[in-house]
Every structure is written in C-alpha cells, then in structure tokens.
Amino acid sequence: MFELRKLPYSPDSMGDFLSKEAFDYHYGKHHQTYITNLNNLIKGTEFENAGLYDIVVKANGGLFNNAAQVYNHDFYWDCIAPSSTAMSDELKNALNAEFGSLDEFKTKYIQSATTLFGSGWCWLVYNPSTSKLEIVQTSNAATPVSDGKIPVLVVDVWEHAYYIDHRNARPAYLEKFFAHINWDFVSKAYEWAKKNGLESVKFYTNDIHKK
C-alpha cells in the first residue's frame with residue numbers, strides 16, 4: 001500500500017506563496033485522493049506489489065493517471081522551499097548554455113507554464129538522447145518519464161494548485177513559485193539525471209515509497 005509522503009517543510013512556511021489552507025487542500029485532499037485511488041486500483045492486479053515507477057511506466061488509463069499524479073506531486077513538493085536555495089555551478093552552466101542566461105530561462109519557463117492550456121504541469125527535463133535540458137509541457141496527469149525524459153524541475157499549473165491564494169492569476173502564482181524554487185534539490189536531480197538516466201527516477205520513487 002502506498003502512503004502520502006511527508007512534506008519536507010511546514011505547510012505554514014511559504015509566506016504569501018502558498019498558505020496553510022492551500023496545503024490542506026492540495027496536499028491533504030488532492031494528493032491524498034490520488035494515493036487512495038491508486039491503492040484501490042492496484043488491488044488484485046499485476047501491479048499490487050509493484051513500485052510506483054513501474055506502475056507509471058507500464059500502466060495506462062485510470063491507474064496511470066493516479067500513479068503519475070502521485071509522482072508528479074511528490075516531485076513538485078521537493079521542487080519548492082520556504083526560501084529559494086542556491087543552485088549548483090553545473091546546473092547554472094547548463095541553463096546558461098541552453099537558454100542564454102538564467103533570466104532568459106526564467107522568462108521562457110514562466111511563459112511556457114502560463115500558456116499551457118487547461119490543467120497540467122510545466123517541466124524542466126534532461127533529455128538523455130541529446131544530453132540537453134528542455135522545457136516541456138504536459139497535460140493532466142502526463143509525465144515526461146513516459147517519453148524517456150528525466151524531470152529536473154516542475155510546477156503544478158492545475159488550478160487547484162493556486163486558486164485559494166491567487167485566484168485565477170496563474171502568472172502571479174508562477175512568479176512566487178520561482179522565488180521559492182529549491183535549487184539545491186533541482187541541482188541534485190540534474191546531477192542524478194546525467195549520471196543515472198531514468199534509473200534516477202526509479203531510485204527517487206523507491207526512496208519515497210519504500211515497498
């Protein structure tokens with residue numbers, strides 16, 4: 001059985017970015033619902049004793065949707081912090097090389113997240129086939145892992161992620177998000193992605209959801 005992961009910070013630590021009420025709904029209700037649904041859906045199936053990574057890459061339909069949403073949210077919680085942390089020189093150099101500057105990366109990332117129609121996620125991923133970083137949009141529960149790309153950073157742009165605190169002002173939420181990125185985690189995710197490829201995703205999910 002899967003369990004709702006623990007947050008790596010207090011739900012009242014994000015200031016005017018995300019309120020405790022937002023966490024109560026987004027983490028306590030939405031994320032928990034995906035966990036509950038996943039546990040119900042795997043009963044009596046080939047995935048009953050499988051790890052989360054294997055379910056995400058092998059399942060489809062409702063089972064995939066709920067498993068992927070568990071992973072997407074797990075990763076999102078690690079990508080934010082009460083205050084922005086420092087990024088590694090390795091990541092900084094890669095962002096400068098791919099996007100021209102850190103400011104240009106911010107502009108392109110926020111633009112991509114703002115213009116994603118409907119519900120979904122905006123990712124920074126490492127593409128092992130090109131050894132480059134890419135900005136990728138996914139709709140609903142979709143994750144770049146399904147395309148063989150390794151997540152490095154993600155922002156949730158489902159409306160329930162920001163409506164309580166920012167109403168329908170997605171750009172305002174994204175500006176606050178960028179000021180709260182856990183660059184230390186993102187830097188490590190980039191390092192793991194380069195060294196271990198998709199195995200880093202499997203290690204990450206197994207570490208959170210120990211079977």
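Given the structure is predicted, the values throughout are model-derived calculations rather than measurements. (Residues numbered from 1 in each chain as written. Predicted model: local features only at pLDDT ≥ 70, side-chain atom pairs only at ≥ 80, totals over all residues. Heavy atoms only, no water.)

Trainee: Before we go on, may I ask you to explain the sheet that holds strand β1 (residues 120-127) in this structure?
Mentor: Through backbone hydrogen bonds, the strands of a sheet pair up, either in parallel or in antiparallel fashion. Within the open sheet, the three strands sit side by side as β2-β1-β3. Their pairing is antiparallel. With one partner strand each, in any of the chains shown, β2 (132-139) and β3 (150-156) form the two edges of the open sheet. If you compare each strand with its neighbour and ignore which way they point, the axes differ by 25 degrees on average. As judged from the eight bridges shared by β1 and β2, these two strands associate in the antiparallel manner. (Pairing = 2+ DSSP bridges. Helix = DSSP H or I, 4+ residues; strand = E, 2+ residues; numbered from the N terminus. Axes fitted to C-alpha atoms, helices over the stretch in contact; angles between N-to-C directions.)

Trainee: I tried to follow the environment of Asn206 on my own but got confused; where do I start?
Mentor: Within the fold, Asn206 resides in helix α9 (residues 199-208). On a C-alpha basis, the gap between Asn206 and Leu153 in space is 19 Å, while along the polypeptide they are 53 residues apart.

Trainee: Help me understand helix α4 (residues 89-99) in this model?
Mentor: Because each turn of an α-helix spans 3.6 residues, side chains separated by three or four positions end up pointing in the same direction. Those residues of α4 not exposed but buried are Leu91, Ala94, Leu95 and Phe99. Viewed along the axis of α4, the buried residues span an arc of 100 degrees, placing them on a single side of the element. Structural note: α4 exposes Asp89, Asn93 and Ala97 on the side pointing more than 90 degrees away from its buried face. Looking at the packing, one finds that the buried side of α4 touches α5 (102-115), β1, β2 and α8 (183-196). One or two steps after α4, the chain reaches Gly100, where phi turns positive at roughly 100 degrees. (Buried < 20%, exposed > 50% of the residue type's maximum accessible area, 1.4 Å probe, protein only. Arc of directions from axis to C-beta. Contact = heavy atoms within 4.5 Å.)

Trainee: I would appreciate a short explanation of α5 in the present structure.
Mentor: Over its 14 residues, α5 runs 20 Å from end to end, which matches the ideal 20 Å to within 8%, given 1.5 Å per residue. Residues of α5 that are buried: Phe105, Tyr109, Ile110, Ser112 and Ala113. Buried residues of α5 fall within an arc of 160 degrees about the axis and therefore sit on the same side. Away from its buried face, by an angle of more than 90 degrees, α5 presents the exposed residues Asp103, Gln111 and Thr115. Contacts made by the buried residues of α5 are with α4, β1, β2, β3, α7 (170-179) and α8. (Expected span 1.5 Å × (residues − 1).)

Trainee: I keep staring at the pairing of β1 and nothing clicks. Help me out?
Mentor: Regular strands have side chains that alternate between both faces of the sheet. Burial within β1 is extensive, with eight of its eight residues counted as buried. Residues Gly120, Cys122, Leu124 and Tyr126 line one face of β1 and the alternating positions Trp121, Trp123, Val125 and Asn127 line the opposite face, and both faces are buried. The turn joining β1 and β2, which pair antiparallel and follow one another in sequence, is formed by four residues; a positive phi near 60 degrees is taken by Ser131. Where β1 meets β3, six bridges bridge the pair, whose relative direction is antiparallel. Its bridge partner being in β3, Tyr126 is matched across the sheet by Ile150.

Trainee: How do you make sense of empty space enclosed by the protein when you look at a structure like this?
Mentor: Over the atoms a probe the size of a water molecule is rolled, and this reveals where empty space is left. Summed over the entire model, instances satisfying the criterion amount to one cavity of 30 Å³ or more. The calculated volume of the largest cavity comes to roughly 60 Å³. Residue lining of the largest cavity: Tyr71, Phe75, Ile150, Pro151, Ala189, Trp192, Ser200, Val201 and Tyr204, and that is the complete set. Breaking the lining of the largest cavity down by element, the ones donating at least two residues are α3 (61-79), β3, α8 and α9. Considering each element in turn, the lining of the largest cavity owes the most residues, three residues, to α9. Across the lining of the largest cavity, the residue classes break down as eight nonpolar, one polar and no charged. (1 Å grid on protein atoms, 1.4 Å probe; cavity = no way out; pocket = protein on both sides within 12 Å on 5 of 7 lines; lining within 4 Å. Points joined across faces, edges and corners; volume = space filled by probe spheres on them. Nonpolar A, V, L, I, M, F, W, Y, C, P; charged D, E, K, R; others polar.)

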